[in-house]
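# Summary of the model geometry
So you can see what is in the structure, the chains are spelled out below.
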Amino acid sequence: MTDIHKTIVVTGVGVISPYGIGLDCLQAGMLSRKCCLAPTQDVYPGFEGTTAQVRGLSLPADDSSYRYSRTDQLAVVAAQDAIANSSCDSSTFHESGVVMANTVGGLTEIDTGIAKDPAAWYRRPRRLLRGASYPFAHVADAVGEHFGIHGPRCAISVACASGAMAIALAANMLLDGAASIILAGGSDPLCAFTLSGFNSLRALDPNPCSPFDQNRNGLNLGEGAAVLVLETLARASARNANVVAVLRGWAMTNDAFHTTAPHKEGSGLADCIRLSMEMAEVGGDAIGYVNAHGTGTPLNDIAEANAYESAFRGRNHPIPVSSTKSYFGHCLGAAGALEAAVTIMAVRSGALLPTLRLTNPIESPGIDWLKGEVKRQPLPLAMSVSSGFGGGNTVLIFGSGRS
């Protein structure tokens, strides 16, 4: 934070999750260790599994909102919450930028009826309008359109690291002068396409997942969205804004190893962790908590544990690690953004959340697997880690915004 023109800060956080709308709602639910994962049968015919769902999502029924897919709607609600908490008038954002991530775009708007008679399906009221929402890039446009944003609009879709990468890329755009303030985050709904895809990979746990447990059996999918308001410290100070957190460091890498499987040693992720700490100009001992990717699949969790052992080798004490996917599932393109919000919450509250249902952790001497009760301690710096299919990794380091 020596140069306020090159220090990126968070001045607003917007969230919609299975807990409800708002960071306070998310914090209250997670600090009480409430699990949102539940048996689900209503996503598509024949599916029976465990997911975490957002209930009661709705937008005003104006002409534009009819073109919004569920992905768009989640993003707009999260962005609205972020703007409301940013101490900015909505007009401030007219020249801002938008960087939004997702993986499914408008696929939620297509049901099985389209296969029988596509022409008849699209002739139904407003069905053709919904077709505009199919591209994944439409989510950034929906947020921009809804709030009258005229600055750059960018869409990110790199599987499960998308939400975190949107934040990292937005930070780079601020440093490059592409915009003075940016809404950045991710949005993804539950979708028959992704559920059936993960099901075909045999990656789904029919019961609530147990990341990093030796008896882990796969992941659960969830849905939601999170959006951060990002700007430089210089700009935030000039308008006397409340600084929620400081984005101290970030990094992005790609393993180029396999389409779906991570490298067993987690070498690419370990490099990404090191690069983020180099940018933040801190060593491993400075990181007080890692909010892990932690999906609960056998391959991911062991690769991630190996990455932490490598990246944090030499620390004076084991690194505290937990997976918040045990609370509300894997939200795909929204996961990295939601987990960034959770990490900011942890820094502000000094609360280290345990992994739920973790009883027999992977043996890893360099890691303090958080389980049981919420742990309280001062937390100057915390790390949020995201990985995805195709080998993409993104690591974000957040610090307190308090002087």
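Calculation criteria
Residues numbered from 1 in each chain as written. Predicted model: local features only at pLDDT ≥ 70, side-chain atom pairs only at ≥ 80, totals over all residues. Heavy atoms only, no water. Phe/Tyr/Trp six-rings, centres within 6.5 Å; stacked < 30°, edge-to-face > 60°. Domains from an automatic or database assignment. Contact = heavy atoms within 4.5 Å. Buried area = accessible area lost by both parts, 1.4 Å probe. Salt bridge = Lys/Arg side-chain N within 4 Å of Asp/Glu carboxyl O. Polar contact = N/O pair within 3.5 Å; in protein donor to acceptor, adjacent residues only side chain to side chain. Helix = DSSP H or I, 4+ residues; strand = E, 2+ residues; numbered from the N terminus. Buried < 20%, exposed > 50% of the residue type's maximum accessible area, 1.4 Å probe, protein only. Pairing = 2+ DSSP bridges.

Here we take up the packing of aromatic side chains. Two aromatic rings are characterised by how far apart their centres lie and by the angle between their planes. All told, the structure shown has 3 aromatic pairs when counted by the stated rule. Measuring from ring centre to ring centre gives 6.5 Å for Y308 and F312, while their planes differ by 45°; the resulting arrangement is tilted.

What follows deals with the domain arrangement of the protein. Domain parsing of the protein yields domain 1 (8–238) and domain 2 (250–400). Put simply, the middle of domain 1 and the middle of domain 2, counted by C-alpha atoms, are 21 Å apart. Taken together, the contact between domain 1 and domain 2 spans 64 residues of the former and 61 residues of the latter. The largest contributions to the domain 1 side of the interface with domain 2 come from R33, C160 and F212, which together make up 18% of the buried area. One can count 2 salt bridges joining domain 1 with domain 2. The closest approach of N and O atoms between D301 and R216, which form a salt bridge, is 3.8 Å. Linking domain 1 with domain 2 are 18 residue pairs in polar contact (both at pLDDT 80 or more). Where the side of domain 1 that touches domain 2 is concerned, the elements lending two or more residues are β1 (8–17), α1 (23–31), α6 (162–176), β7 (181–188), α7 (192–200), β8 (221–222) and β9 (224–232). Sort the elements by how many residues they give to the side of domain 1 that touches domain 2 and α6 lands first, with 10 residues.

For D3, the position within the fold is in the segment before β1. By relative accessible area, D3 is classed as partly exposed at 30%. C-alpha separation for the pair D3 and T232, spaced 229 residues apart in sequence, amounts to 9.7 Å.

Any two side chains of opposite charge can pair, on the condition that their charged atoms come close. Counted according to the given criterion, the structure contains 9 salt bridges. Taking the shortest distance from any N to any O, the salt bridge between R70 and E223 comes out at 2.9 Å. Placement of R70 in helix α2 (residues 70–84) and of E223 in the loop between β8 and β9 is noted, with a sequence separation of 153 residues between them. The residue R274 makes a salt bridge to D271 at a minimum N-O spacing of 2.9 Å. Within this pair, R274 and its partner D271 are both found in helix α9 (residues 267–280), separated by 3 residues, close to a single helical turn. Here D271 falls in the partly exposed class, since its relative accessible area comes to 38%. Residues joined in a network through salt bridges with shared partners are E231, R235 and R239.

Here we come to the pairing of strand β10 (residues 245–254). Of all 10 residues that make up β10, 7 are buried, and the element is covered over most of its length. Sheet topology places β1 next to β10; 3 bridges connect them, and they run antiparallel. Pairing of I8 across the sheet is with L247, part of β10. The sheet contact formed by β10 and strand β17 (residues 392–400) spans 9 bridges and is antiparallel. If you follow G249 over to β17, its bridge partner there is I397.

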